Protein chains: 2
Amino acid sequence: MTARRYAIIGTGAIGGYYGACLQRGGAEVHFLLRKDFEEVSAQGITVKSVQGDFALPKVYAHASTATMPPVDVVVIALKTTQNHLLPDLLQPILGPDTVILTLQNGFALEDDWQPWAGSRPIFGGLCFVCCNKIGPGTIHHLDYGHVLLGEYRADHQPAGVSSQLQAIAQDFADGGVAVDVTPDLRLARWRKLVWNIPFNGLSVVMNATTNEMIGDPNIRQLAEQLMTEVVTAARQDGERLSPGQNRCLPENLISQMLEHTAQMSPYRTSMKIDFDEGRPLEVEAIFGNPLKAAHQAGVEAPRIEMLYHQLKAINRRIVG
Amino acid sequence: MTARRYAIIGTGAIGGYYGACLQRGGAEVHFLLRKDFEEVSAQGITVKSVQGDFALPKVYAHASTATMPPVDVVVIALKTTQNHLLPDLLQPILGPDTVILTLQNGFALEDDWQPWAGSRPIFGGLCFVCCNKIGPGTIHHLDYGHVLLGEYRADHQPAGVSSQLQAIAQDFADGGVAVDVTPDLRLARWRKLVWNIPFNGLSVVMNATTNEMIGDPNIRQLAEQLMTEVVTAARQDGERLSPGQNRCLPENLISQMLEHTAQMSPYRTSMKIDFDEGRPLEVEAIFGNPLKAAHQAGVEAPRIEMLYHQLKAINRRIVG
């Protein structure tokens, strides 16, 4: 078969890294760029990686989706704060069978996409990776890299693992990415939030790195309490959507995550980097949407809500 | 009768202001000073006040309580973070009938004082005042000034209003201070915490003045939620200590305080000033002690607890 054709919508750290991996694996990849368009057109993309550097001297670079062909897979790698741009951005490249794959952080973003996505399949990829863009077309991959892929369903039920999902997973694997698939994307998102809610949120409010947070007994205790609220919300969300199916996170997840965080290298979270760079924070995607789901499931989650209020106020100072 | 003799333990903004008022009213006042001792010995105390400036060219200044005579009333105006010093500081000046009057912020501080206070009466004064020390022996009184006096009881029951309490209130009144007395000091402290917990705490965590907090919709909502937790804790604390006596705060207190805060001049809270000056924060007095009381009364107060954790972590950066 011919290679699948991908469009990378947003060639930042995440889009640049995974797009480069996909191209390395043999896929045809079209990159959407804004301010780096000239450099990347001329010089391609370079990845400096803990797993071995590699360079793609020639890539399909685009300053607009209007110059792209229709693609098999649209990879959304914008910040979620840009999602209002998606309908216009994607209109030129969506064929009737195009798959939409979002690599974005957060929760339930896809609930708003039916108006432009229609009945096209929507997949989500959870990226467990530390990478930064350190220059035009230059990605620094510092650690990890694993991707977990799953299928979104508008009714929020587990979708199972389709052959299409497996084929896309294979493209990532061919590109050297450790990849897994999950039959329950929503639960996987909850699992990632168990870490992201305390550590992304508190890193900004407390102006701290992961080791500073985990090393402070009060912040560690607060992180654990926030994690407990997320696990509770996940369980009640599962019970609301799929009664009696025991759709919930494992008991020992929190202690495992705390232990792991205590042992990993000091790390500036993605939200802290956004904050330090003066970029809008992904408050609704990572905090507002899960909080709504918690409330719908009858879980109060007062600490998540307090963090949400604090981050909204901080974000208001950034975006005005 | 002869004038009562007062010792002011800690001649900062609060001790300096109210000590000067007491002396102005005719009381004999002995001031404990540390680094300002030389200047105040030579030049006395000056108050620049919205209610009219006044100067006391001659005061009894002391570098140690060892040089003070025994006094009728010891006025504690140290930061609560210094309270471990009290037993040694007060030993020279406590007579058998000396009254202890604390003007400190916070809650239930007196519970630890029995070992050195013995059976002496303990009064608390809640100071509703904006004042700063702007130089050695120089106090700037910016706004308000009202004091509410009440008697502490070790069993935490309402103490009523003794003639001794009224006599001390009269000394404040003679000094030009608007003063009231309350039969229920504990409830009065809860009432003050309804404002102090959200606005002192969030001013530090969010790095904001009162008008910035009340002007942000998320912080205003969070402040209201914190206030609700304090009011709930106060009610359940009253129910635990005095069952069936309806010992609780008025229903409309929160909306009144929010409205008042929205209308008052922009204000940097006392905890924010401590933070900006790199001084230890009164976290246990204002947050830890009421939180313990809330938990004892079966109230979870998750937002107060979260604020406590955040402030403990911030304070740890200050005190090391």
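Residues numbered from 1 in each chain as written. Chains lettered and ligands numbered in written order. Predicted model: local features only at pLDDT ≥ 70, side-chain atom pairs only at ≥ 80, totals over all residues.

### Observations concerning the overall build of chain A
Part 1 of the argument: The secondary structure content of chain A amounts to 12 helices and 10 strands.
Part 2 of the argument: For 320 residues, the compact-globule estimate of 2.2 N^0.38 gives 20 Å, and chain A sits close to it at 19 Å.
Part 3 of the argument: In terms of principal-axis extent, the alpha carbons of chain A reach across some 50 × 40 × 40 Å.
Part 4 of the argument: Burial status across chain A gives 51% buried among its 320 residues.
Part 5 of the argument: Taking contacts inside chain A between residues at least 6 apart in sequence as the whole, the part at least 24 apart equals 71%. (Helix = DSSP H or I, 4+ residues; strand = E, 2+ residues; numbered from the N terminus. Rg over C-alpha atoms; globule rule 2.2 N^0.38 Å. Buried ≥ 20, exposed ≤ 12 C-beta atoms within 10 Å, placed from the backbone. Contact = placed C-beta atoms within 7 Å.)

### Notes on the relation of the copies chain A and chain B
Part 1 of the argument: With an RMSD of 0.0 Å, the operation that places chain A on chain B is a rotation of 180 degrees combined with a shift of 0.0 Å along the axis. The superposition of one copy onto the other is thereby described by a two-fold rotation axis.
Part 2 of the argument: When you check the interface residues of chain A against chain B, 100% turn up at the interface there too, and the contact is symmetric in its surfaces. (Least-squares fit on C-alpha atoms with pLDDT ≥ 70 in both.)

### Quick word on the packing of helix α12 (residues 302-319) of chain A against helix α12 (residues 302-319) of chain B
Part 1 of the argument: For the pair α12 of chain A and α12 of chain B, the least separation of the axes is 9 Å and the interaxial angle reads 60 degrees. One way to sum up the angle between α12 of chain A and α12 of chain B is to call them oblique. α12 of chain B is crossed by α12 of chain A, and the crossing has right-handed handedness. In this structure, α12 of chain A uses Pro302, Arg303 and Met306 of chain A to contact α12 of chain B, whose residues at the interface are Pro302, Arg303 and Met306 of chain B.
Part 2 of the argument: Looking at the contact of α12 of chain A with α12 of chain B, its residues break down into four nonpolar, no polar and two charged. (Axes fitted to C-alpha atoms, helices over the stretch in contact; angles between N-to-C directions. Parallel < 35°, antiparallel > 145°, perpendicular 65-115°, else oblique. Left-handed = near helix turned anticlockwise from the far one by under 90°. Nonpolar A, V, L, I, M, F, W, Y, C, P; charged D, E, K, R; others polar.)

### Let's talk about the domain arrangement of chain A
Residues and elements named next belong to chain A.
Part 1 of the argument: Domain annotation for chain A reports domain 1 (5-183) and domain 2 (186-319).
Part 2 of the argument: A separation of 24 Å is found between the C-alpha centroids of domain 1 and domain 2.
Part 3 of the argument: Counting residues at the interface gives 16 residues for domain 1, matched by 17 residues for domain 2.
Part 4 of the argument: Every element with two or more residues in the side of domain 1 that touches domain 2 is listed here: β8 (122-135) and β9 (138-151).
Part 5 of the argument: Tallied by class, residues from the side of domain 1 that touches domain 2 come to six nonpolar, nine polar and one charged. (Domains from an automatic or database assignment.)

### Quick word on the packing of helix α8 (residues 217-241) of chain A against helix α9 (residues 253-263) of chain A
Residue and element names in this part refer to chain A.
Part 1 of the argument: Two elements in contact, α8 and α9, have axes whose closest approach is 10 Å; the angle formed by their N-to-C orientations is 140 degrees. Compared by their axis directions, α8 and α9 come out oblique. In this structure, α8 meets α9 at a crossing whose hand is right-handed. Here Glu224, Met227, Thr228 and Val231 of α8 lie close against α9, whose contacting residues are Leu253, Ile254, Met257 and Leu258.

### Quick word on the pairing of strand β7 (residues 94-102) of chain B
Two faces, one strand: in a regular strand the side chains alternate between the faces of the sheet.
Residue and element names in this part refer to chain B.
Part 1 of the argument: Note that strand β6 (residues 71-76) and β7 share five bridges and pair parallel. Considered in β7, the bridge of Val71 is made with Leu94.
Part 2 of the argument: Here β7 pairs with strand β8 (residues 122-135) via three bridges, running parallel. When the sheet's bridge partners are listed, Thr102 is paired in β8 with Gly124. (Pairing = 2+ DSSP bridges.)

### A short note on the interface of chain A and chain B
When the parts of a complex come together, some accessible area is lost, and that lost area is often used as the size of the interface.
Part 1 of the argument: Taken together, the contact between chain A and chain B spans 15 residues of the former and 15 residues of the latter.
Part 2 of the argument: Mapped onto the side of chain A that touches chain B, the elements with two or more residues apiece are α8 and α12 of chain A.
Part 3 of the argument: In terms of residue count, α12 of chain A provides more of the side of chain A that touches chain B than any other element does, eight residues in total.
Part 4 of the argument: A class-by-class count of the residues in the side of chain A that touches chain B yields seven nonpolar, four polar and four charged.

### Here's the deal with the environment of Ile76 of chain B
Residues and elements named next belong to chain B.
Part 1 of the argument: As for its position among the elements, Ile76 is in strand β6.
Part 2 of the argument: Between the alpha carbons of Ile76 and Thr98 there is a distance of 13 Å; along the sequence they are 22 residues apart.
Part 3 of the argument: Discounting residues that sit within four places of it in the chain, Ile76 has contacts with Ile9, Leu86, Ile100, Leu101, Thr102, Leu103 and Gln104.

### Some remarks on the nonpolar core
Part 1 of the argument: The biggest cluster of nonpolar side chains holds 213 residues, and the ones touching the most others in it are Val74, Val75 and Val230 of chain A together with Val74, Val75 and Val230 of chain B.
Part 2 of the argument: Of the residues forming this core, the biggest block, 12 residues, is contributed by helix α6 (residues 185-205) of chain B.
Part 3 of the argument: Val230 of chain B has contacts with Trp190, Leu193, Val194, Ile197 and Ile304 of chain B, leaving out every residue within four places of it along the chain. (Core = buried A, V, L, I, M, F, W, Y, C linked by C-beta atoms within 7 Å.)

### Some thoughts on the pairing of strand β1 (residues 5-9) of chain B
Residue and element names in this part refer to chain B.
Part 1 of the argument: Among the five residues in β1, four count as buried, and that is most of the element.
Part 2 of the argument: Since β1 and strand β2 (residues 28-32) lie parallel, the crossover through helix α1 (residues 13-24) that links them has a hand, and here it is right-handed.
Part 3 of the argument: The sheet contact formed by β1 and β6 spans four bridges and is parallel. Across the sheet, Ile9 pairs through a bridge with Ile76, a residue of β6. (Right-handed = clockwise from strand over helix to strand, strands pointing away.)

### Section: unusual backbone geometry
All names here are of chain A.
Part 1 of the argument: Not every positive phi belongs to a glycine, and His156 is a case in point at roughly 65 degrees.
Part 2 of the argument: Along the polypeptide, His156 turns up in the loop between β9 and α5 (163-174).
Part 3 of the argument: By the C-beta count within 10 Å, which is 19 here, His156 ends up partly exposed.

### Some details on helix α11 (residues 283-296) of chain B
Residue and element names in this part refer to chain B.
Part 1 of the argument: Over its 14 residues, α11 extends 18 Å from the first C-alpha to the last, a length consistent with the 20 Å expected when each residue adds 1.5 Å.
Part 2 of the argument: Burial of α11 is extensive: 10 of the 14 residues sit out of reach of the surface.
Part 3 of the argument: Those residues of α11 not exposed but buried are Val283, Glu284, Ala285, Ile286, Phe287, Asn289, Pro290, Leu291, Ala293 and Ala294.
Part 4 of the argument: Against α6, α8 (217-241) and α12 lie the buried residues of α11.
Part 5 of the argument: Following α11 by one or two positions, Gly298 adopts a phi angle in the positive range, close to 85 degrees. (Expected span 1.5 Å × (residues − 1).)

### Quick notes on the environment of Val204 of chain B
Residues and elements named next belong to chain B.
Part 1 of the argument: As for its position among the elements, Val204 is in helix α6.
Part 2 of the argument: A tally of 22 C-beta atoms within 10 Å means that Val204 is categorised as buried.
Part 3 of the argument: Other than its neighbours up to four places away in sequence, Val204 contacts Met271, Lys272, Phe275, Leu281, Leu311 and Ile314.

### Focus on the confidence of the model for chain A
Part 1 of the argument: Looking at chain A, the pLDDT average stands at 96 and 100% of residues meet or exceed 70.
Part 2 of the argument: Reported for the predicted complex are a pTM of 0.93 and an ipTM of 0.90. (pLDDT = per-residue confidence, 0-100.)

### Focus: the environment of Val231 of chain A
Part 1 of the argument: Within the secondary structure layout, Val231 of chain A lies in helix α8.
Part 2 of the argument: With residues up to four places along the chain from it excluded, the contact list for Val231 of chain A reads Val194, Leu249, Leu253 and Ile254 of chain A.

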